[in-house]
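Tertiary structure, described
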Amino acid sequence: MTAKQTKRQETKEETKAAATDAPGTTLDPKEAPARLAATGRNDACACGSGKKYKKCHLAADEQAAAPPLATPDAQEHLAEGWRLFEQRRPGAAEKEFRAALAIDAKLTDAQVGIGMARLAAGNSEGAKEELNVVLAAGEAQAEKMRADGVKDAFSKPEAQPFIRAAHALGCLAYDEEKYEDAVKDLALVHAIDDGSVGVEARLIAAKALMKLERAADAAALLEPATKIEEGKGRAELGLALAEFTAGNEAKARAALGNALDANPHHGKTLLGRVRRRVENVAGARPGSLEEALLYTQTYGDVWTDAAKKFLETVLDERARNKKAASPAETGSGESEEPEEAAPPA
């Protein structure tokens, strides 16, 4: 060890010992901030030891005056996890969700986040494992809500993890072509929620029932959604398909008319006359072209050729009826809104 290193070591030891071995009076740690503000490093220490402050109680006062370390906040980790999830960084998101869960083991929303992150990363089995834990934890609460006739469960923060988990599991089951499981999981959602999430659960469950060739059951499931503001147009469209497939053409025609009244773009998008992919789900406002495109890309695959032919027939009838009702307008050279050309293959 060099002389310089030896001197530095002696100084450290001297400073450390000074705070405990100084013959001066004991200093109140609560007064440390005031002493730090009023005493220079080379001033005599206030304890009366005769030593310079820096070689006496300075280190102890700095430690006493230091602010306590902030306790990690589970909600901050949770918010950061969802932010990273939205940025399509599932690995980083899962780390944040796990950090939140380590602080608060009862934070089931973090458990949902882990499941969703795993799902986004392509780990379906891992996602199921996490999401099923959430279902088990919320089962009793959901059962009570069903018994109490609750229909706005997603508006209750304590019920949101259960609903998110059930919805995600239902969609995953559908993607894996486990349609019976999809219907069962999604029923957990729409049984207690009639809002936008519950309506979406009915639409996907009805699509699963169509895959199972249970059109009458799909129609029965969609009928209540046609009376809910969030589901009017889309639910009517699904109902029209279900009724047509079940052989109830009159009911199908009525439902289809309601759907086209709510959003006239549905016909063109389902028939492939407008093709565009919508990524911004939030921007698909009721009655907009984006809403119609989103319905087609989500549910259009269950529309058979026969159902599309029926749709085309109804569209032609509506156009003829409109022309007959407004001869002056059609004779003036005006035409309906031009259809958007499909992009080249």
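Nothing here was measured: the structure is a model prediction, and the numbers come from that model. (Residues numbered from 1 in each chain as written. Predicted model: local features only at pLDDT ≥ 70, side-chain atom pairs only at ≥ 80, totals over all residues. Heavy atoms only, no water.)

Brief notes about the layout of surface pockets
What counts here: Only protein atoms enter the 1 Å grid used here, on which a cavity is any set of points holding a 1.4 Å probe that cannot leave and a pocket is any open set flanked by protein within 12 Å on both sides along at least five of seven lines; residues with an atom within 4 Å of a point are listed as lining. Grid points are joined across faces, edges and corners, and a volume is the space filled by probe spheres set on the points. Think of it this way: any DSSP run of H or I at least four residues long counts as a helix, any run of E at least two long counts as a strand, and we number them from the N terminus. Just so you know the grouping, Ala, Val, Leu, Ile, Met, Phe, Trp, Tyr, Cys and Pro go in nonpolar, Asp, Glu, Lys and Arg go in charged, and all remaining residues, Gly too, go in polar.
Computed from the structure, the largest pocket encloses a volume of approximately 2,000 Å³. Lining the largest pocket are 46 residues, and of these H167, E200, E279, V281 and L294 lie nearest its centre. In terms of residue count, the dominant contributor to the lining of the largest pocket is helix α8 (residues 160–175) (eight residues). Residue composition of the lining of the largest pocket, grouped by class: 24 nonpolar, eight polar and 14 charged.

Regarding the packing of aromatic side chains
Here is the rule we go by: The aromatic pairing rule takes the rings of Phe, Tyr and Trp, using the six-membered ring of Trp, and pairs them if the centres are within 6.5 Å, calling planes under 30 degrees apart stacked, those over 60 edge-to-face and the rest tilted. When accessible area is computed with a 1.4 Å probe and restricted to protein chains, residues below 20% of their type maximum are described as buried, those above 50% as exposed, and intermediate ones as partly exposed.
Taken as a whole, this structure holds five aromatic pairs when the rule is applied. Taking 4.8 Å as the distance between ring centres and 15° as the angle between the ring planes, the aromatic pair formed by F244 and F310 counts as stacked. Residue F244 is located in helix α12 (residues 232–245), and its partner F310 is located in helix α16 (residues 305–325); the two are separated by 66 residues in the primary sequence. Classification of F244 as partly exposed rests on a relative accessible area of 22%.

Describing the nonpolar core
Put simply, the test is: Remark: nonpolar core denotes a set of buried residues (Ala, Val, Leu, Ile, Met, Phe, Trp, Tyr, Cys) joined through side-chain atoms within 4.5 Å. Residue contacts follow a heavy-atom distance rule, with two residues in contact if any of their heavy atoms lie within 4.5 Å.
Of all hydrophobic cores here, the largest spans 71 residues; its most connected members are L78, A153, I163, L237, L256 and W303. Broken down by element, this core gets its largest block of residues, 10 residues, from helix α10 (residues 196–211). Residue contacts for L78: discarding those within four places in its chain leaves F97, A100, L107, D109 and A110.

Things to note about empty space enclosed by the protein
Across all of its chains, the model carries one cavity of 30 Å³ or more by this definition. Taken as a whole, the largest cavity holds about 90 Å³ of empty space. What lines the largest cavity is simply L203, A206, K207, M210, A218, L222, G238, L241, A242, Y295, Y299 and V302. Elements with a minimum of two residues in the lining of the largest cavity: α10, α11 (215–222), α12 and α15 (289–299). Broken down by element, the residue count for the lining of the largest cavity peaks at four residues, all from α10. A breakdown of the residues in the lining of the largest cavity according to their chemical character gives 10 nonpolar, one polar and one charged.

Quick look at the side chain of D193
Inclusion rule: His residues and chain termini do not enter the charge count, which takes Lys and Arg as positive and Asp and Glu as negative. Between Lys or Arg on one side and Asp or Glu on the other, a salt bridge is scored when a side-chain nitrogen of the former is within 4 Å of a carboxyl oxygen of the latter. Definition of a polar contact: a pair of N or O atoms within 3.5 Å, with one able to donate and the other able to accept a hydrogen when the atoms are protein atoms, and with sequence-neighbouring residues admitted only if both atoms are side-chain atoms.
Among the secondary structure elements, D193 is positioned in the loop between α9 (179–190) and α10. In this structure D193 is buried but unpaired, with R202 as the nearest side chain of opposite charge at 8.6 Å. One polar contact links the side chain of D193 to the main-chain amide nitrogen of A153, over a distance of 3.4 Å. Once residues within four sequence positions are removed from consideration, D193 is found in contact with K151, D152, A153, F154 and G198.

As for α16
Think of an α-helix as 3.6 residues a turn; residues three or four steps apart then line up on the same face. The criterion, for reference: Here a helix's expected span is defined as the number of its residues, less one, multiplied by 1.5 Å. When we speak of the arc, we mean the arc of directions from the helix axis to the C-beta atoms.
The end-to-end C-alpha separation of α16 is 30 Å, in line with the 30 Å expected for 21 residues at 1.5 Å each. The complete set of buried residues in α16 reads A307, F310, L311, V314 and L315. Projected down its long axis, α16 shows its buried positions confined to an angular sector of 140°, all on one face. Every exposed residue of α16 that faces more than 90 degrees away from the buried side is listed here: D305, K309, R320, K323 and A324. Buried residues in α16 make contact with α12, α13 (249–262) and α14 (265–270).

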